[in-house]
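Coordinate analysis (summary)
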Amino acid sequence: IGYDEGAIMIKLGREQPAITMDTSGKIIWAKHSEIQQANIKALGDSEVKDGEVLPLAVKDLGSCEIFPQDLRHNPNGRFVVVCGDGEYIIYTALAWRNKSFGAAEEFVWGADSSMYCIREGNSKVKAFKNFKEVYDFKPDYGVDGIYGGQLLGVRSASGLTFYNWENTNLVRRIEVTPKQVYWSENGSLLCVATEEEAYILQYFPEKADGVPPDEDGFEEAFEVLGEVSDKVMTGCWIGDCFIFTNGENRLNYYVGGEIVTIAHLDRTQYILGYIAKDSKLYLCDKDLNITSFALKTSVLEYQTAVMRKDFESADQILPTIDEENRTRVAQFLEKQGFKEQALAVSVDPAHKFELALQLNDFATAYSLAQEHSSEQRWKQLSELALRNSEFALAQKCMYNAKDFSGLLLLASSIGDAEAMRQLAEMSHAAGKHNIAFTAYMMLNDVPKSLELLIETERYPEAAMMAKTYKPTEVSRVLKLWQEDLSKTNEKAAQALADPLQYENLFPELQAAISAEKVIQKERGRLLPANSYPNVTPNWERDVLAETEEILAGMPPESLTSESQATLEQKEPQPTPDQAVTSPPRREVISPRDMDHTKDVSPSSQQSNPSKDLISDIGGGEDASSRGIFGGKSSTDFLEDVDKEISELNLDDVNVDELDLEDEHLFD
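Residues numbered from 1 in each chain as written. Predicted model: local features only at pLDDT ≥ 70, side-chain atom pairs only at ≥ 80, totals over all residues. Heavy atoms only, no water.

1. Some thoughts on the pattern of salt bridges
Oppositely charged side chains may form a pair once their charged atoms are brought near each other. What the rule picks out here adds up to 16 salt bridges. Across the pair E120 and K126 runs a salt bridge whose closest N-O atoms are separated by 3.2 Å. Accessibility expressed as a relative area gives 26% for E120, which makes it partly exposed. Here K126 falls in the buried class, since its relative accessible area comes to 16%. (Salt bridge = Lys/Arg side-chain N within 4 Å of Asp/Glu carboxyl O. Buried < 20%, exposed > 50% of the residue type's maximum accessible area, 1.4 Å probe, protein only.)

Listed below in structure tokens is the structure:
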């Protein structure tokens, strides 16, 4: 329509076609003024997938005298009403013969197949029974629309008002503006659909007898069961389940407060009805293409029985439900809180496993995890077992899940040495070296810990560990370190000192070797956790002192050379003024080689300048003395000094008067 300021477009008619289907599967629709019929029974047993267009044979019934805007079967399917252009015509469904007609803006059938009601204008309603008018009345708030079913519904500006079909008594006034009202077959349930949402109500006819107490009717006559926060386009009831299509082209059903999606439609479709014999729901689109979706009656009946908490009936229905729909039923039971029944009904292993976890049914969960093993399931079960102090089960699950971190935590927490040993071997084989090293160390298995560091080429760490825990292995590890380091830095590799070659750099090496042998037996003895309060912590122990005390109490003939050397290291060494002078051949005697059984006094010592000099400096084979001796051993250095002194003929020099702090003394 064009006008001065532009143009507007008006939509005429509607996309939803004028079509109706009775309970036996006979479909009648209008194409313009032509009426056509199709019968679903004609398909026979042909298999049609859900959502596919049915190949129906179409039969022409004739034409209609008015332009059909709405077609509806009465409840028993014998008659069809055509409404449009402000008139209505009732035809027989089989022969398409005119039975009755009249003026009406709107037409609805009652629950009784012989009752129907029409709306004349916006103020008057007429009711008919067996095609004869029985009454008419004018509602207080006018009439904008009428709805059939168990009660006569009238929409007005004040909301929705329900009246009794027999006597037009007020039943209940509800402040809601409906788009459509859908009644269940038995008349106990209804859905009031608005533009944005829908309400599920239950009707109690026994509470609506007599004269209404006020202008709003009987408040107890209806009870709100739930709310569907979705736009209901078309719908129908199957038992206590409400099937509907929404604005997002989804086919859903509502039962027990839960909405279950049956299918996602690829186009807008409208529900025609449900045929229980075929267990199928039939829909059509605006082009009159008929599709079907399988919806087992047994599933809906089972869910209805559960909602009524009639478990005896539900148990009787359950065997009729095929395995394909068992999981759907189990999911419904789970949402209703009946998890034990859901576990018994479900056939999906994943769903059953989740239910078993929720019920703390460890036996079932463990069995399912074994049948359908996965790392995720074993971890889930192990976590649940830990929370419930099922440590043995948790340990099995962690082994199956290869959860090495969890096993380390569990084994160390409960003090299980055998589990720790298995963990060490498993993690070592799996390449989890950090966990393997930790497990070996917690087992006091120093050799394997050391070998693991060597295997992973962690030579610096291995050398430090050997120096600390296993000094007998230092030389072997050091050679590996030197070989590896020489590939990148030859000079740095040469700077590493081997304790066997430079004992003076490791003054307590022999003592450490002896200590290693002494505590070797202690390492192999794992103490129970309850002995912890009585065990001296390692950081409070002096292992070398303990070793010296042990060796001191042993007979000399039972000591090894290392042990003897350890004891000799601990004997008091002479002070510089008590040092033994060398014999005429000027052989240097270190303090370790001195015979402390001789009574040596300062007056009996022979003068040896070089020996006295070294004695004053400190005399020991340590790192500082090597620095002073220019990298030579003290014996070689003293021989060179004695030779130079003899050549210089310095017999008259008083060594005691030399300034030993002079850095140029040896020049």
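Anyway, onward from the coordinates.
2. Description of the nonpolar core
Of all hydrophobic cores here, the largest spans 35 residues; its most connected members are I243, L251, Y253, L281, L295, Y302 and L333. Setting aside anything within four residues of it in sequence, one finds L281 in contact with C236, I243, L251, I271, G273, Y274, T291, S292 and F293. Among the nonpolar cores identified, the runner-up in size contains 33 residues, and L393, L407, L408 and L452 belong to it. (Core = buried A, V, L, I, M, F, W, Y, C linked by side-chain atoms within 4.5 Å. Contact = heavy atoms within 4.5 Å.)

3. Observations regarding helix α9 (residues 404-414)
Taken together, the buried positions of α9 are F404, G406, L407, L408, L410 and A411. Residues of α9 that are buried make contact with α7 (375-387), α8 (391-401), α10 (417-429) and α11 (433-442). Downstream of α9 by a residue or two, G415 has a phi angle that is positive, lying close to 65°. (Helix = DSSP H or I, 4+ residues; strand = E, 2+ residues; numbered from the N terminus.)

4. Things to note about the sheet that holds strand β20 (residues 189-193)
Reading across the sheet, the four strands line up as β19-β20-β21-β22 and stay open at both edges, with antiparallel pairing between neighbours. This sheet does not close on itself; its edge strands, each paired only once, are β19 (180-183) and β22 (222-228). On average, each strand axis in the sheet is tilted by 20° relative to the strand beside it, whichever way the strands run. Note: β19 against β20, four bridges, orientation antiparallel. When the sheet's bridge partners are listed, Q180 is paired in β20 with A193. (Pairing = 2+ DSSP bridges. Axes fitted to C-alpha atoms, helices over the stretch in contact; angles between N-to-C directions.)

5. As for the layout of surface pockets
Of the pockets and cavities examined, the second largest pocket occupies roughly 1600 Å³. Lining the second largest pocket are 42 residues, and of these M441, N444, E522, N538 and R541 lie nearest its centre. Broken down by secondary-structure element, the contributors of at least two residues to the lining of the second largest pocket are α9, α10, α11, α13 (459-469), α16 (509-523) and α17 (543-552). When residues in the lining of the second largest pocket are grouped by element, the largest group, seven residues, is from α16. (1 Å grid on protein atoms, 1.4 Å probe; cavity = no way out; pocket = protein on both sides within 12 Å on 5 of 7 lines; lining within 4 Å. Points joined across faces, edges and corners; volume = space filled by probe spheres on them.)

6. With respect to a negative patch on the surface
Together, D140, D214, E215, E219 and E220 give the surface a local cluster of negative charge. Examined against the element boundaries, D140 turns out to sit in the loop between β14 (132-137) and β15 (145-147). What makes D140 exposed here is its relative accessible area of 68%. (Patch = residues over 30% accessible without salt bridge, like charges linked within 9 Å, V, L, I, M, F, W, Y side chains within 5 Å. Areas by Shrake-Rupley, 256 points an atom, 1.4 Å probe, with all protein chains shown as cover. Lys, Arg positive; Asp, Glu negative; His and termini not counted. Charge placed at Lys NZ, Arg CZ, Asp CG, Glu CD.)

7. Some thoughts on the side chain of T194
One can find T194 in the loop between β20 and β21 (198-203). Residue T194 is classed as buried on the basis of its relative accessible area, which comes to 10%. What T194 contacts, discounting residues up to four positions off in sequence, is V176, T177, P178, K179 and Y199.

8. Some details on the packing of α8 against α9
The description of two helices packed together rests on the angle between their axes and the distance between the axes. Direction vectors running N to C along α8 and α9 enclose 150°, while the axes themselves pass 9 Å from each other. When the axes of α8 and α9 are compared, the pair comes out roughly antiparallel. In the packing of α8 onto α9, the handedness of the crossing is left-handed. Of the residues in α9, those in contact with F391, A394, Q395, M398 and Y399 of α8 are G406, L407 and L410. Looking at side-chain class alone, the contact of α8 with α9 contains six nonpolar, two polar and no charged residues. (Parallel < 35°, antiparallel > 145°, perpendicular 65-115°, else oblique. Left-handed = near helix turned anticlockwise from the far one by under 90°. Nonpolar A, V, L, I, M, F, W, Y, C, P; charged D, E, K, R; others polar.)

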